[in-house]
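# Summary of the model geometry
What follows is the residue order along each chain.
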Amino acid sequence: MKLPVLALKNSYFIHVILLIVLFVGFLTWRSMPRSEDPFMELPLYTIVAVHPGNSPGEVEKFIVDPIEEALEEVSELTEIRSEITSGLAVIKVEAEYGIDYREKYDEILSEVNRIRENLPEEMYELKVIRYQPEERSVIHQYAIVSASKGYPELHDIAKEFQKEIEELSLVKKTEILAFPEEEIRVDINFEKMVAYGISIDEIIGVLKAYNAYIPGGELISGNLSLNLKTSGALETLAEIEEIPFFLGSNHPVQLGDMAEVRKSLERPRWVARIKGEPCIFLTVHQKKNANVLHLESDLEEILSHYQEELPKGVRIETAFEQAPAVDNRLTDFMINLLQGIFLVGIVIWLFLGIRSGVIVMTVVPLSILLAIILLDYSGYALQQISIAALVIALGLLVDNAIVVIESIGRYQGEGFSRKEAVVRGTSEVGYAVISSTFTTILAFIPLVFLESGPGEYLRSLPLTVIYALLASLLLALGFTPLISGKLLKKEPESSTWMLKRVIYFTERYYRRILHFSLGKGYIILGISLLLFMGSLSLFPAIGVSLFPTADKNLLLISVDLPYSSNLENTDKAVRYVEDILDTTGYVSSYTSNTGHGNPQVYYNRTPKEYRLNHGEILVNFKKWDPVLFYRTLESLRMAFRRYPEARIHFEDLKNGSPFEAPVEVIILGEDLDTLKHIASDIEKEFYQTEGLLDINNPLARTKTGLELVIDAKKAALYNLTTLEVDRMVRARTEGLYVDEINLIEYDEPLPLMIGGVGTGRANPQELDGLFIPGRSGKQIPLKQISKLNFRGEIPEIRHYNNERAVSITASVTDSDQTRNITESLIAQLERYDFPPGYDYKIGGEYETQQQSFGNLGVLLLLALAGIFAVLVFQFKSFVQPVIIFTAIPLAVSGSLIALYFSGWSFSFFAFVGLISLVGIVVNNSIILVDYINKSRNGGMDRLTAIEQAALRRFTPILLTTFTTILGLVPLTASGTSLWSPLGWTLIGGLISSMCLTLLVVPVLYKWMSR
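Scope of this entry: the structure provided in the associated data block. (Residues numbered from 1 in each chain as written. Predicted model: local features only at pLDDT ≥ 70, side-chain atom pairs only at ≥ 80, totals over all residues. Heavy atoms only, no water.)

The next point concerns the overall build of the protein. When its secondary structure is counted, the protein shows 34 helices and 30 strands. For the protein, the proportion of its 1010 residues judged to be buried stands at 56%. Contacts in the protein between residues far apart in sequence, at least 24 positions, make up 81% of those at least 6 positions apart. Surface exposure of the protein reaches about 43000 Å², of which carbon and sulfur atoms provide 55%. Of the charged side chains in the protein, 91 are positive and 120 negative, and the gap between their average positions amounts to 10 Å. (Helix = DSSP H or I, 4+ residues; strand = E, 2+ residues; numbered from the N terminus. Buried < 20%, exposed > 50% of the residue type's maximum accessible area, 1.4 Å probe, protein only. Contact = heavy atoms within 4.5 Å. Areas by Shrake-Rupley, 256 points an atom, 1.4 Å probe, with all protein chains shown as cover. Lys, Arg positive; Asp, Glu negative; His and termini not counted. Charge placed at Lys NZ, Arg CZ, Asp CG, Glu CD.)

So, about the sheet that holds strand β24 (residues 750–756). Strand pairing within a sheet occurs via backbone hydrogen bonds; the two strands may be parallel or antiparallel. Pairing within the open sheet is mixed, and its 4 strands lie in the order β12-β7-β24-β23. Two strands in the sheet have a free side with no partner beyond their single neighbour: β12 (259–265) and β23 (736–741). Going across the sheet, the axis of each strand differs from the next one's by a mean of 25°, ignoring polarity. Where β23 lies against β24, 5 bridges are found, and the strand directions are antiparallel. Counterpart to Leu 736 in the pairing with β24 is Ile 754. (Pairing = 2+ DSSP bridges. Axes fitted to C-alpha atoms, helices over the stretch in contact; angles between N-to-C directions.)

Once that is clear, we can look at helix α21 (residues 567–582). Spanning 16 residues, α21 covers 22 Å between terminal C-alpha atoms, matching the ideal 22 Å at 1.5 Å per step. Within α21 the residues assigned to the buried category are Leu 567, Thr 570, Asp 571, Ala 573, Val 574, Tyr 576, Val 577, Glu 578, Ile 580 and Leu 581. Buried residues along α21 sit in contact with β13 (271–274), β16 (554–560), β17 (587–594), β18 (614–621), α22 (626–640) and β19 (647–650). With a side-chain oxygen lying 3.3 Å from the backbone nitrogen of Glu 568, the N-terminal cap of α21 falls on Asn 566. (Expected span 1.5 Å × (residues − 1). Polar contact = N/O pair within 3.5 Å; in protein donor to acceptor, adjacent residues only side chain to side chain.)

Let us look at the packing of aromatic side chains. Applying the stated criterion across every chain yields a total of 29 aromatic pairs. An angle of 80° between the planes, with centres 6.4 Å apart, marks the rings of Trp 624 and Tyr 630 as edge-to-face. Residue class for Trp 624 comes out partly exposed when judged on its relative accessible area of 29%. The aromatic ring of Trp 29 is capped on one face by Arg 34, whose charged end is 5.5 Å from the ring centroid. In this arrangement the basic side chain of Lys 876 is found over the ring face of Phe 873, its NZ or CZ atom lying 4.8 Å from the centre. (Phe/Tyr/Trp six-rings, centres within 6.5 Å; stacked < 30°, edge-to-face > 60°. Lys NZ or Arg CZ within 6 Å of the ring centre and 35° of its normal.)

Attention now moves to the pairing of β24. With 6 of its 7 residues buried, β24 lies for the most part within the structure. When strand β7 (residues 182–188) meets β24, the two strands line up parallel, connected through 5 bridges. Within the sheet, the bridge partner assigned to Arg 185 lies in β24 and is Met 753.

Our next topic: the pairing of strand β28 (residues 797–800). With burial as the criterion, each face of β28 is covered, one bearing Ile 797 and His 799 and the other bearing Arg 798 and Tyr 800. Relative to β28, strand β2 (residues 77–85) runs antiparallel, the two sharing 4 bridges. Each bridged residue has a counterpart across the sheet, and for Ile 84 the counterpart in β28 is Ile 797. Relative to strand β29 (residues 803–812), β28 runs antiparallel, the two being bridged by 3 bridges. The partner of Tyr 800 across the bridge, within β29, is Glu 803. Taking the residues that link successive antiparallel strands as the turn, the β28-β29 hairpin has 2 residues, and the phi of Asn 801 there is positive, at about 50°.

A separate point is a nonpolar patch on the surface. Together, Phe 13, Val 16, Ile 17, Ile 20, Phe 23, Val 24, Phe 26 and Leu 27 make up a nonpolar patch on the protein surface, roughly 760 Å² of accessible area in all. Within the secondary structure, Phe 23 is located in helix α2 (residues 11–31). (Patch = residues over 30% accessible without salt bridge, like charges linked within 9 Å, V, L, I, M, F, W, Y side chains within 5 Å. Salt bridge = Lys/Arg side-chain N within 4 Å of Asp/Glu carboxyl O.)

On to the nonpolar core, then. One finds Phe 908, Phe 909 and Trp 979 to be the most contacted residues of the largest nonpolar core, which totals 181 residues. Considering each element in turn, this core owes the most residues, 19 residues, to helix α14 (residues 384–413). Ranked by size, the runner-up nonpolar core spans 52 residues in total, among them Ile 667, Ile 682, Leu 829 and Ile 842. (Core = buried A, V, L, I, M, F, W, Y, C linked by side-chain atoms within 4.5 Å.)

Turning to the side chain of Gln 322, a few remarks are in order. Its place among the elements puts Gln 322 in the loop between β15 (315–321) and α11 (323–352). The residues touching Gln 322, leaving out its near neighbours within four places in the chain, are Glu 36, Val 138, Ile 139 and Val 292.

On to the pattern of salt bridges. Scanning the model with the defined rule gives 36 salt bridges in all. The partner of Lys 288 in a salt bridge is Glu 41, with the nearest N and O atoms 3.4 Å apart. One end of the pair, Lys 288, is in the loop between β14 (277–286) and α10 (292–307); the other, Glu 41, is in the loop between α2 and β1 (44–50), with 247 residues separating them in the sequence. The salt bridge partner of Glu 317 is Arg 315, with a shortest N-O separation of 2.6 Å. In this structure, a network of salt bridges that share partners links the residues Glu 183, Arg 185, Asp 187 and Arg 262.

So, on to unusual backbone geometry. Phi is positive for Glu 76, close to 65°, though the residue is something other than glycine. Structurally, the position occupied by Glu 76 is in the loop between α3 (56–71) and β2. Not every positive phi belongs to a glycine, and Asn 802 is a case in point at roughly 70°. With respect to the helices and strands, the residue Asn 802 is situated in the loop between β28 and β29. Judged by relative accessible area, which is 29%, Asn 802 ranks as partly exposed.

This part takes up helix α23 (residues 672–687). With 16 residues, α23 ought to run about 22 Å at 1.5 Å a step, and its terminal C-alpha atoms sit 22 Å apart, in line with that. Restricting attention to buried positions, one finds in α23 the residues Leu 672, Leu 675, Ile 678, Ala 679, Asp 681, Ile 682, Glu 683 and Phe 686. Turning to α23, the residues buried within the fold contact β20 (663–668), β21 (692–696), β28, β29 and α28 (818–831). Residue Asp 671 occupies the N-cap position of α23, its side-chain oxygen lying 3.3 Å from the main-chain nitrogen of Asp 673.

Further remarks concern the packing of α2 against helix α17 (residues 460–487). In the contact formed by α2 and α17, the axes pass within 11 Å of each other and the chain directions differ by 115°. Crossing angle aside, the handedness with which α2 passes α17 is left-handed. Contacts between α2 and α17 involve Ser 11, Ile 14, His 15 and Leu 18 from the first element and Leu 475, Phe 479 and Leu 482 from the second. (Left-handed = near helix turned anticlockwise from the far one by under 90°.)

A few words now on the environment of Gly 792. Take Gly 792: it is sitting in strand β27 (residues 786–793). On the basis of relative accessible area, Gly 792 is assigned to the exposed category, the value being 55%. Here the alpha-carbon distance between Gly 792 and Met 258, two residues 534 residues apart in the chain, equals 37 Å. Look past the residues within four positions of Gly 792 in its chain and what remains in contact with it is Thr 702 and Lys 703.

The subject of this paragraph is the packing of α11 against helix α12 (residues 354–361). Close contact between α11 and α12 brings their axes to 7 Å; oriented N to C, the two are set at 145°. Where α11 crosses over α12, the two elements pack in a sense that is right-handed. Judged by residue contacts, Ile 341, Val 344, Gly 345, Ile 348, Trp 349 and Leu 352 of α11 engage Ile 354, Ser 356, Gly 357, Val 360 and Met 361 from α12. When the residues that make up the contact of α11 with α12 are grouped by side-chain class, the tally is 8 nonpolar, 3 polar and no charged. (Nonpolar A, V, L, I, M, F, W, Y, C, P; charged D, E, K, R; others polar.)

Looking now at the environment of Leu 917. Checked against the element boundaries, Leu 917 lands in helix α32 (residues 908–937). When neighbours within four sequence positions are excluded, Leu 917 is seen to be in contact with Ala 891, Ser 895, Thr 985, Leu 986, Gly 989 and Leu 990.

Here it is as structure tokens:
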């Protein structure tokens, strides 16, 4: 191998390169973006349509069906879920992973815009949202609080604060939320309007006409070109009031004679409080890959300055901030990393001595800095996944250097000069080191291409490990020989006490065990096989889970009332939750929302849009204490059960991609009554299944509604159309949107609305007294041409992939049992007699788990195939790679045993650990088989070569395994549900693989090699 020789010949050049790496790496470390979780780009899109006052059936027919039909023209969509309630439709669209997400958003937006003119003109809002973490997730949520100031004053204060924040370069956007929007209202006195014989349609038409702006064009006068300004659009409230209506006989009346024109606030749809005090929110979103810690420092400086200028009775509080959690999480991981480096360094020093230990340990910081440079160049930030990846890679980073330094030391011991020992020792193990490194890398490469939500979340882990391993390989073969030629003594170092004990154990005990194994190999293989089969039998007891909880001192509490509930009734339930939280000592602060979900503070928890029967409370606990946290959750559940009028529920935050609920059964079919009947049966099965809680069947309750039945024949007698009647009723109940208006006294365009005095608070009795102006000038009582009936209606309609559906959901008492519970429900569903045209689908965590584990299974096979191909290329044999591969089932045994005794389930990250383990555990076998082959090529007989290789490679195999395990110990011992399963999977697999590889591989080599 020429690389060690080149390194020795170009030592000055390599030193300069390393200095550059140190300098650039340090700068990158300081400037690199920091966040708590990865910024995940997901192919998720949401279409929100708001049309107040319409039943779910009307929203379905006039809004959702046309949009879903338009989406059929968009390719590469995998799932469309529509949720339809009174006045609101939320359509969630998921596309295939790996496509151009921005281009797909443009395609969806284009289709929605194409059909916009076919949708109801009075829609309050229609928007298409693309999932972008920097757009959705809030990094700081401020509450502008006052008990004495109204919404307009608070909004003005928030606007000034917003301007200062938006000047920061790291800020993506800010939003002011939870306040009623301003509008220009024309409150009509319907009695006067009817007396004048003017219809609501006439008023709408005249307002639109007077608000239209048509440029007059250009006139030529001599040498001049003159722009002609026409009357233009409405500019003041007075102009609106002075709009004339002619009643005949040249007797005009003005709009102001029958209506009051004013600037007003819309009816509140989102009420917010912080610790029980009224407030509005200002949310801050950071730019992609910005450093949240730097941004938080800038925000603190602005707030401290702005607080001094606030009016009396107004203050700004923090409802949520991400920076402390990021700082604490990254600090914990950095401590784990430093602890791992310390433990690895101590072991290397004890085994190899000070000089060799220093040589090996220099590889660690250099590899980490190189990995960080490459990670930053790839567009990733420092967050819990990437730093944990460095901890995972820590023990692996020194493996190559240990093998090289041990080989150099052995040649020195055989009498070679320091320089010659460096060249010979490195060259001897060089190709084996390259092969073993690439087999490890091949185990991680498939994880880079995992196209799914979990794959997006995980991606920085395999990339970080790959970068670190490539860096350590280059350093082991280039830098380690170079520094060994400088630092090692000319005479070989005497063995350390620890190394002497290992050598003593090798000669005294391992040699005997090895002889026994080679003589009675069937016993060793039998024990290994029994251990493997026994470990597999533990799997049902271990359990399977997807992503664990996030271990955060945050909680989102949802409050859902019957669909007929108004905002005041919902707020009453929210205040009940507030009262409970006020008496809970573990609570630091809370922020309540009525009519809307809290702004998104966690990347996979999307808030619900405007719903009168929904509320959400964000709770900040004092610190993360798992025992106190879960004890408090149980106490809260018991307290919330005492409020039967509302469904008050919560689920602690989880890592990974979002899903509807831990357990979800989707019933598909066309007829709503049939769906309701089936859903009722399935709901009963849920209640009879142990381990479920917060069961929700949206069709279990019927919403009470009113139906205005217009007699079209009677209306026609008065020359009235149903459209005219409907508009009059709408104006009296909710108000009608007319146009967008730009008035000179206001900074921005406002919606122009018409309605009656007290619109939005009408009761059924008032409709009985409503008159409709006929075209003949007569006043026709509404009750004369219509009938008002109470009726029950479906409160919520759902679609799944353009088909009507109902989704029955539940949480679980033990997340590790989600799979078992769902499979129990599947068994019951298989026995259910579904009517023709009706079927079910499983969603929730089970669906995500099946997809994710299925993808990982394919990746595991790809990793195995890739590693096997490299081994075949290296050894020019099919037999020897098979021998090496025996390390994998031996490792699986240790992993399952470790998970069983540590009490962790086989989670997604444990599966990731198993895939990683495949590439790690074969390394010992590779070096062992490679050494046997070289000894045999030197003329040694097979049995002697096997014994010598096993005895000589015992120490480096023990040391590399031990350093890898010690590097993982701090992360594993942290007790986090995300990383501990992965750590135990690796540690258990490494221990069992090392112990059995040193016996099984020699036996199989003896039996299978010629």
